[in-house]
Structures are given as C-alpha cells and as structure tokens.
Amino acid sequence: MKTTLNGVMLRRLFKCSTIIPLVAGALLASSAMADTLRVISDQDLKTVDPMVTTATSTLLHASLIYDKLFELDEKGTPQPSLADKSESSDDKKTYTITLRNNLKFSDGTPITTDDVIQSLRRWMSRDQIGQMLAARLNEMIKVDDLTFRIELKQPFDVPAALAEIAGNPPFIMPKRVASIPATETLTDGTGSGPYTFDLANWQPGQRRVYVKNPYYVPRSDAPSGRAGKKEAVFDEIDLTNVPDPNTATAAMLTDQYDIWLQPPMDNGLTFRSNPKFVVENGIWYSNNVRPNVLNPPFDNVKAREALTYLVDQKDLLPLEAGDPTMWRECYAILACGSQHGDESAYKGHRGKPDYDKAKQLLTEAGYDGKPIVILDPTDYAPYHSRMLYLAQELRKAGAQVELQSMDWATLTSRRASKDPVAKGGWNLMASGMDAPNASSPITHLMLASNCGEAWFGWPCDKEIEKLRAAFVSATSEAEKKAITSDLQKRASEYLPFVLTGESSQPVVRRAEIEGFDAGASVFYFWNVRRASK
C-alpha cells in the first residue's frame, strides 16, 4: 500500500511556519490569483471521449467542455440546459425539443439540431440508457435549426434520459465530431460547455488547464444541482494529478491549490483541525467487486457466489474507508436508504467469511487452480485496499491469485478487454456506483445484464433485463416497488456484482472557496468562486 503521513506527522506540518520546498516540477504558482481555480485531481485523465469510457476523470473533463440538453436539479428532476423547452404528447411517445437561441460551440459556430441529432445517435450507440431509448425509437426528425422531434414506439421519460450523468452521458458535440465512430480517438476538442480544452496540444499525464469559453451563454435560472445557470467564474480551471499524498498535503498547506478531490482518508481528515480548510463528505458510493463473467471461473454463478462467502463488510470497510463517519454496511442491490433500496430482497450470504463454503463453491464451479487475475489500482486507495483484502480472502479459500498493479487510468483501459486471461484478460476488479445513480434500475450501470452490451464484466441474464424493462414501462409507484423487489432478489442470485458496502471519501477545500458541490456524483466547477473576490 502507498506510504502516507501519519496523523502526528500531519499535525506537525500544520504547526510549522515553514516547510521543506517541494521537489522540482511540483511547485505551481500561488492559488491567490483570482482567475485560476487550482484543483488536485484524484485521478489522471487518459481518455477524453465520454462515449468510450465511463471513467469519472473523463466525465469530469467532459462536463467542463460539453453541455447537455437537460441537467438534473438538486431534487433529481431534469431541467432544460441547452434546451429551451420540451413538450410531450399525453402518451409520452412524442417529444418536441427546442434549443435556446444564439447557442454556439467553442469555435464560434452555431449549435443546431443537426449537431444535436448526431450527438444523440452516437450516444444511443454506446450508452445503456441510450440503447433503451433507441429500442423504443421510431425516428428523430429535424423540424428546423432549433427544433427537433423524437417519436417513440413506447412511452419513455426522454428528458430524464437526456439529463443522465452516469455511464456515457449525452453531451452535445459538433456534428463533425459526433460523426466520428466511438472506436476512434477524438482529436477535435470543440465543445458546447462553459470551458474549453486544448486537446491538440495535450498529452496524458500532463496538467489539464481549462479556459473559459467566450461563446458560452449560461442560462438565467438560479443554479440547482447541475441545472440552471452555469457561470464560468474563474477564467481557468487547473486540474493536476498529484499521485503522492504527502506532496499533495504540503501543496495544500502552502496555498498552491484550492481544492483536493478525494484525498486518502488519513491525509484528508487531518485538515479538519485547520480553520483555513473545510473538510466535507463526498458523494456516497454503493461499492462492489465486479467479476468478469466471460472468463472462468466466474462464468459460473457458483464462483460468483463463493465471493459472497469471502467478503465481510464489517472487516473490509474500516480498511477501505477508515473513519466510521465514512462507511456503512449495506446489502441492498439498489442503494440503501433510496426509494427502492431493499435489503430484505438480498438472498446471498452476509457476515463472517466461510472459507470452506467458498472453497466448495469454487470447486463446484470447475475452478482448476489457475491464477485468478485481479486488477489492482494502486493509486486509488479505497479500491486498492479492497483488492488487497479480496486477494487475501481468496488465498485463504485455496485459490491462486495474480494481483496485477496499475494506476487507475490504465485500469479504465484494461477493463475493456474481453480477452481470455491467458491473453491479457482479467477476472475481478473493484468498482462502485454513486448512490443517486445506484438507486434506480435504469441508471445503475452495473446492474444492467444485457450480455456483450453490458458494463465491463458483461453479465448476461434475461430475467434481470426483463425486470429492468418492466420498470421503465411501469406507471405506478406500487408497480415499481414490486418490480424492484423482484429485481434485487434476482440480482442477489445471479450476482452481476458482489456488494461490499457503502462509503464516502473526504473532499478538502480552502474555506474561501464557495459554491463547490463536494457531494456531486461527478465534480463540476462552474458557479464556484473565491469569497475574498
């Protein structure tokens, strides 16, 4: 595991009037400049196309340079963003959407319905919710440059789908960019959002500097969640990945950064004692271990069941999240405490490990003693701890384990491999879904079990998909409740993932920074300002 400063050493850092200068290259200009917000990112960026990956670092990047037709407000209700208005037929089979006037991309060209329709087609080819919409779509019709119509075979909540931030969100790109197959690398960074990014001159591993988009026109509505006015208050957003937490701690203390996203627990919580900083809980996550059902032994449900006999949430969560205010046990497939979360529907093992039972199930699954390949992101402490724990538990059950270490950005590329283990494939990885999106059968990406089109791990179960489709068509809350209960029961039997509890991570910001939403499922930096300015 990574070496971090302990609590005593950190407290000494806070009391020191001077600090040893940081290594060459780590120093940045003072964050006192009002026009630049400097942020320590928890993850590096390697993939810029939000249609290629669901990595949080990519979604954060895309949220800065692209906008969507709709965004979710603080109550989770879709509100127009690039859209000016939306009208639907009584049967919810026809939606007419009109864009705001005078919208432009970051290159100064107008945003038209041609751009929107092509962007939505690209989204529907990749995203799970987009694919559900595509299955119900008759056609999208251009009315004029500002208005288009979506005609459906079956009712569907189109604004909610177009407001999603999980998965591969429906960001609006120029038609020429949206026409590029999602299998090809984007080289054109022209966007529709409040900031711009020089994609042509950027390389993975570099600092990311986002510059205010001079052509972006924010809405006049009051901000609410991700919806409403998106004001680019800072001229620049400087995002830097600082892998070493000790260096990052020192940089925060010497005023080089304004915000530290999801620091390691020990480092982050120590800032609570310093009045110059505010430490907040980030978003709660519904955590899991994700088996790859394409590769043995986890192509057999008994091997997936064996994992449930190895994970004790009470043992794992303190290792992963530490502070008791940052974790809680949860055995609901849909997030605990959510409208449809139901722990009673879970039919799997809970509590203390049973190594003999796990070994028996692995044997029944045909496990042949070959190494089980676990993807281990060493630069992301919660997932790193989870994978070390799981490797230890599997070994106690007699399994051979190959723990493959890598950074998170590399893992987000590696997990896309459907190859056999012998050819570079994998068996297990850590994952999680933010609680708001994990609360719905539609937005919980890891619950989808539509085989080759499913999220990494590619679970394949007709019953889960039948219940998810039924939820989309349900019209009453009682009907939805019954469906989600059956769905969670079935998921606990099929096991597209193994639950490991819920947790949060601290987010640290300077006390003078206002308007930042530490609990956002994907961080954003519009409407953020410095109180002293």
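Quick caveat: nothing in here was measured; it's all calculated off a predicted structure.

Another point: the packing of helix α15 (residues 462-473) against helix α16 (residues 477-494). At a minimum axis separation of 9 Å, α15 and α16 run at an interaxial angle of 160 degrees. When the axis of α15 is compared with that of α16, the two are roughly antiparallel. The chirality of how α15 crosses α16 is left-handed. Of the residues in α16, those touching α15 at E463, I464, L467, R468, A470 and F471 are K480, I483, T484, D486, L487, R490, A491 and Y494. For the contact of α15 with α16, the per-class residue count stands at eight nonpolar, one polar and five charged.

Let us now look at the packing of aromatic side chains. In this structure the tally under the stated criterion is 15 aromatic pairs. Each ring, one from Y66 and one from F171, has its centre 5.9 Å from the other, and the planes form 35 degrees; the classification is tilted. Residue Y66 is located in the loop between α2 (56-65) and β2 (70-72), and its partner F171 is located in the loop between α5 (158-162) and α6 (175-178); the two are separated by 105 residues in the primary sequence. Classification of Y66 as buried rests on a relative accessible area of 2%. We classify F171 as buried; its relative accessible area is 3%. Relative to F525, the ring of F516 lies with its centre 5.8 Å away and its plane at 5 degrees, an arrangement referred to as stacked. Here the aromatic cluster, defined as three or more aromatic residues joined through ring pairs, consists of W426, W455, F456 and W458. In this arrangement the basic side chain of R304 is found over the ring face of Y494, its NZ or CZ atom lying 4.5 Å from the centre. Lying across the ring of F471, K480 places its NZ or CZ 5.5 Å from the centre.

Of the consecutive residues P296 and P297, the connecting peptide bond is found in the cis state with omega at 5 degrees. Structurally, the position occupied by P297 is in the loop between β13 (285-291) and α9 (301-308). A positive phi angle, near 65 degrees, is found at N102, a position not held by glycine. Tracing the chain through its elements places N102 in the loop between β5 (94-99) and α3 (113-124). Residue D255 is not a glycine yet carries a positive backbone phi of 65 degrees. Assignment of secondary structure puts D255 in the loop between α7 (245-253) and β11 (259-260).

The topology assignment puts Q313 in helix α10 (residues 313-321). Looking at Q313, the relative accessible area reads 0%, which means it is buried. When near neighbours in sequence (up to four residues on either side) are disregarded, Q313 contacts P318, E329, C330, Y331, L499, T500 and G501.

This paragraph deals with the state of the cysteines. A full pass over the atoms with the stated rule returns two disulfides. A disulfide bridge connects C330 with C336, and the sulfur atoms are separated by 2.1 Å. Between C330 and C336 the disulfide shows an S-S torsion of about 100 degrees. By sign, it is right-handed. An identical accessibility class is assigned to C330 and C336; each is buried. Put simply, C451 and C460 are joined by a disulfide, and their sulfur atoms are 1.9 Å apart. Looking along the S-S bond of the C451-C460 disulfide, the torsion reads about 60 degrees, which is the right-handed sense. Sequence-ordered numbering of the bonded cysteines in the protein yields a pairing of 1-2, 3-4.

A few words now on the sheet that holds strand β7 (residues 147-152). Spatially, four strands are ordered β4-β5-β7-β6 in an open sheet, and the strand pairing comes out antiparallel. Whereas interior strands pair on both sides, the edge strands pair on one side only; in this sheet they are β4 (83-88) and β6 (137-142). Ignoring strand direction, the axes of neighbouring strands in this sheet form an average angle of 15 degrees. Note that β4 and β5 share five bridges and pair antiparallel. Pairing of S88 across the sheet is with Y95, part of β5. Set on the sheet, α3 makes contact with β5, β6 and β7; between it and β6 the angle comes to about 155 degrees.

Moving on, we get to α7. Burial analysis of α7 places seven of its nine residues in the buried class, the great majority of the element. Among the residues making up α7, those that are buried are P245, A248, T249, A250, A251, M252 and L253. Following α7 by one or two positions, D255 has its phi on the positive side, about 65 degrees.

Right, let's talk about the pairing of strand β19 (residues 506-510) for a bit. Along a regular strand, successive side chains alternate from one face of the sheet to the other. Summarising burial for β19: five of the five residues are buried, a large majority. Across the two faces of β19 the burial is the same, with P506, V508 and R510 and V507 and R509 all buried. Looking at chain direction, β11 and β19 are connected through two bridges and run antiparallel. Bridge pairing in β19 links I259 to R509.

When pLDDT is averaged along the protein, the result is 91; 93% of the residues meet or exceed 70. Here residues 1-34 scores under 50 on pLDDT; set against residues more than four positions off or in separate chains, the count is 64 contacts.

Next up on the list: the sheet that holds strand β9 (residues 208-212). Pairing is mixed in the open sheet, where seven strands are placed in the order β8-β9-β10-β1-β11-β19-β12. Strand pairing shows two members of the sheet lacking a second neighbour, β8 (195-197) and β12 (277-281), which therefore form its edges. Strands β8, β9 and β10 (236-241) of the sheet are contacted by α2, whose axis makes an angle of about 120 degrees with β8.

Thresholds applied
Residues numbered from 1 in each chain as written. Predicted model: local features only at pLDDT ≥ 70, side-chain atom pairs only at ≥ 80, totals over all residues. Heavy atoms only, no water. Axes fitted to C-alpha atoms, helices over the stretch in contact; angles between N-to-C directions. Helix = DSSP H or I, 4+ residues; strand = E, 2+ residues; numbered from the N terminus. Parallel < 35°, antiparallel > 145°, perpendicular 65-115°, else oblique. Left-handed = near helix turned anticlockwise from the far one by under 90°. Contact = heavy atoms within 4.5 Å. Nonpolar A, V, L, I, M, F, W, Y, C, P; charged D, E, K, R; others polar. Phe/Tyr/Trp six-rings, centres within 6.5 Å; stacked < 30°, edge-to-face > 60°. Buried < 20%, exposed > 50% of the residue type's maximum accessible area, 1.4 Å probe, protein only. Lys NZ or Arg CZ within 6 Å of the ring centre and 35° of its normal. Disulfide = S-S within 2.5 Å. Pairing = 2+ DSSP bridges. pLDDT = per-residue confidence, 0-100.

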